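# Report on the structure
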Amino acid sequence: MKRIAQNPFAWFVLGMLCFLISQPLIRIPLLGAAAQTMQFTIWQIRYPIGLIIVIALSAGLFEETARWLFRRFLLWPRDNGAAQPLIFGLGHGFMEVLYFFVPAWTMMLASGSWSLALTERALAMIAHVFFTFLIWDGFRRQKPFRYWLIAVLLHGLIDILAGLSGLYRWSVWQTEGLFAIYDIFAIIYIVWSVRNRKRPPAEEFEPSYPEAGKTSGVAFDERDE
Amino acid sequence: MKLRGIILIALLLGVLMLGGACASDSAKLAEGFDADRVEESAVKVIDLLNRQDSAALVDMSDDTMKGVMPEAKYQEVYDMMKEWGAFKANEKTEVMGQQSNGVDYAVAIVKSKYEKKNAVWTISFDKEMRLAGLFVK
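The text that follows walks through the structure, step by step, so that each part is easy to find. (Residues numbered from 1 in each chain as written. Chains lettered and ligands numbered in written order. Predicted model: local features only at pLDDT ≥ 70, side-chain atom pairs only at ≥ 80, totals over all residues. Heavy atoms only, no water.)

### Topic: the overall build of chain B
Helices and strands together make up the secondary structure of chain B, namely five helices and four strands. Put simply, chain B runs from its N terminus to its C terminus through helices and strands in the order α-α-α-α-α-β-β-β-β. When the 137 residues of chain B are sorted by exposure, 36% land in the buried category. Restricting to contacts in chain B with at least 6 residues of sequence separation, those with at least 24 account for 50%. Carbon and sulfur atoms make up 53% of the accessible area of chain B, which totals about 8,000 Å². (Helix = DSSP H or I, 4+ residues; strand = E, 2+ residues; numbered from the N terminus. Buried < 20%, exposed > 50% of the residue type's maximum accessible area, 1.4 Å probe, protein only. Contact = heavy atoms within 4.5 Å. Areas by Shrake-Rupley, 256 points an atom, 1.4 Å probe, with all protein chains shown as cover.)

Shown next, in the form of structure tokens:
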């Protein structure tokens, strides 16, 4: 299995599985069952913003935890390459497209809203790649739980915006505009993360010690972050 | 646990509490509504639905509701209700207020037990106690 999981195509498929397991197989059925209860309906009326926040954070919790688990146990090689998080993130976003977008395709074509839907999906794909880079960077920097928490909160943030846009009836393009601003920061982070991979992070650097009788070729102080 | 982690979790809890606080006041029943009367009217609506009395339902609806749910449209609701089996009882009711476009409504959430399924009704009334909204899951 380790040999199969080193294949980039496998990374893409694992990304798809990650979304499939975390959302349609686990979170969405749980949410659906909760939504059938009287208490949920009461909260929808009594605490609409609170409920939006909880639901949004749950999306972050389930997806980022699944991403974390996939990275921890199923992805190889475990190196500093940028290709793996990129391909995995694209796979994750692609499965989301298949699940949400494809079933509504004919309706979108009929209503003429397909261009808007494509825009929205493209922005969502960028976000998925961003979250994947965050989780991968957590392992690379040996702070997996901290980066996991950041990914959960940032994922929750974008879903909170989506929820609030429905509650306060923002225009579709206003909402997409906010997502685009979010994605600009996401792209900046991705580029920074990729460029940062060319030098090993501090924890992995081995200081060179001078051989006996000779001065050091590379001084410890010259490590550049 | 590191200080930054504690601050992060505190922020998260703060956001959640803010979200709850922001919305709680809007759920109070507005003046001019009587909670008991709202509950009685909601139970009456469910009874009319169980008896498939579309004419009475349309008669007690406001103008918007009459446009959205004419008599013929109620057949879709009855077809769905057929799968639930016979009506057993209304188990629980909660009454609260809601505002939409600056207009106050009373909302009754009723959990009804049927032979094969439970249903949660969300029934809204305007100040004149006319049926203004009907939702079921």
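On we go from here.
### Re the overall build of chain A
Counting its secondary structure elements, chain A contains eight helices and zero strands. Taken from N to C terminus, the helices and strands of chain A fall in the order α-α-α-α-α-α-α-α. Buried residues in chain A amount to 41% of all 225 residues. Counting contacts in chain A only where the partners sit at least 6 residues apart, residues at least 24 apart contribute 78% of the total. Total accessible area on chain A is roughly 12,300 Å²; 69% of this is exposed by carbon and sulfur atoms.

### Let's talk about the sheet that holds strand 2 (residues 103–114) of chain B
Residues and elements named next belong to chain B. In space, the four strands of this open sheet follow the order 1-2-3-4, with antiparallel pairing throughout. The outermost strands of the open sheet, each flanked by one partner alone, are strand 1 (87–100) and strand 4 (131–136). Across the sheet, the mean angle from the axis of one strand to that of its neighbour is 20 degrees, orientation sign disregarded. Note that strand 3 (residues 118–125) and strand 4 share five bridges and pair antiparallel. Bridged to Trp121 within strand 4 is Val136. (Pairing = 2+ DSSP bridges. Axes fitted to C-alpha atoms, helices over the stretch in contact; angles between N-to-C directions.)

### Considering the pattern of salt bridges
Counting across every chain of the model gives 13 salt bridges over all chains. Counted as one network, the salt bridges with shared partners bring together A:Glu63, A:Glu64 and A:Arg67. (Salt bridge = Lys/Arg side-chain N within 4 Å of Asp/Glu carboxyl O.)

### Let's talk about the side chain of A:Arg27
Residues and elements named next belong to chain A. By the element assignment, Arg27 lies in helix 1 (residues 8–35). Asp159 is the oppositely charged side chain nearest to the buried, salt-bridge-free Arg27, at an N-O distance of 5.6 Å. A distance of 3.0 Å separates a polar atom in the side chain of Arg27 from the backbone oxygen of Ile55. (Lys, Arg positive; Asp, Glu negative; His and termini not counted. Polar contact = N/O pair within 3.5 Å; in protein donor to acceptor, adjacent residues only side chain to side chain.)

### Some thoughts on the packing of aromatic side chains
All names here are of chain A. Per the stated rule, a full pass over the model turns up 16 aromatic pairs over all chains. A centroid spacing of 5.7 Å and a plane angle of 40 degrees characterise the contact between Phe12 and Phe94, whose relative ring orientation is tilted. Within this pair, whereas Phe12 is found in helix 1, its partner Phe94 is found in helix 4 (residues 83–101), the two being separated by 82 residues in sequence. Of the residues examined, Phe94 reaches a relative accessible area of 34% and is grouped as partly exposed. Grouping aromatic residues by their ring pairs yields a cluster made of Phe130, Phe131, Tyr182, Tyr189 and Trp192. (Phe/Tyr/Trp six-rings, centres within 6.5 Å; stacked < 30°, edge-to-face > 60°.)

### With respect to unusual backbone geometry
With the exception of glycine, most residues fall at negative phi, and the peptide bonds are largely trans. Even without a glycine there, the phi angle at B:Asn101 is positive, about 55 degrees. With respect to the element layout, B:Asn101 can be found in the loop between strand 1 and strand 2.

### Some remarks on the nonpolar core
Residues and elements named next belong to chain B. In this structure, Leu49, Tyr74, Trp121 and Phe125 are the most contacted members of the largest nonpolar core, which totals 29 residues. Elements with a minimum of two residues in this core: helix 2 (35–50), helix 3 (54–59), helix 5 (74–82), strand 2, strand 3 and strand 4. Apart from the residues within four sequence positions on either side, Tyr74 is in contact with Leu49, Ser54, Leu57, Val58, Ser61, Met65, Met69, Leu131 and Leu134. (Core = buried A, V, L, I, M, F, W, Y, C linked by side-chain atoms within 4.5 Å.)

### Some points on the environment of B:Gly133
Along the chain, B:Gly133 falls in strand 4. Beyond its immediate chain neighbours, meaning those up to four positions away, B:Gly133 contacts B:Met65, B:Thr122, B:Ile123 and B:Ser124.

### Describing a negative patch on the surface
Residues and elements named next belong to chain B. Judged by side-chain charge, Asp34, Asp36, Glu39 and Glu40 come together as a negatively charged surface patch. Residue placement: Glu39 occurs in helix 2. Accessibility expressed as a relative area gives 33% for Glu39, which makes it partly exposed. (Patch = residues over 30% accessible without salt bridge, like charges linked within 9 Å, V, L, I, M, F, W, Y side chains within 5 Å. Charge placed at Lys NZ, Arg CZ, Asp CG, Glu CD.)

### Digging into the side chain of A:Arg141
Residues and elements named next belong to chain A. When you line up the elements, Arg141 lands in the loop between helix 6 (114–140) and helix 7 (144–167). The buried charged residue Arg141 lacks any salt bridge partner; its closest oppositely charged side chain belongs to Asp137, at an N-O distance of 5.2 Å. A polar contact of 2.7 Å, which involves the side chain of Arg141, links it to the side chain of Asn196.

### Considering a nonpolar patch on the surface
Together, A:Phe9, A:Val13, A:Leu17, A:Ile21, A:Leu25, A:Ile26 and A:Leu30 make up a nonpolar patch on the protein surface, roughly 620 Å² of accessible area in all. Summarising the element assignment, A:Leu17 is placed in helix 1.

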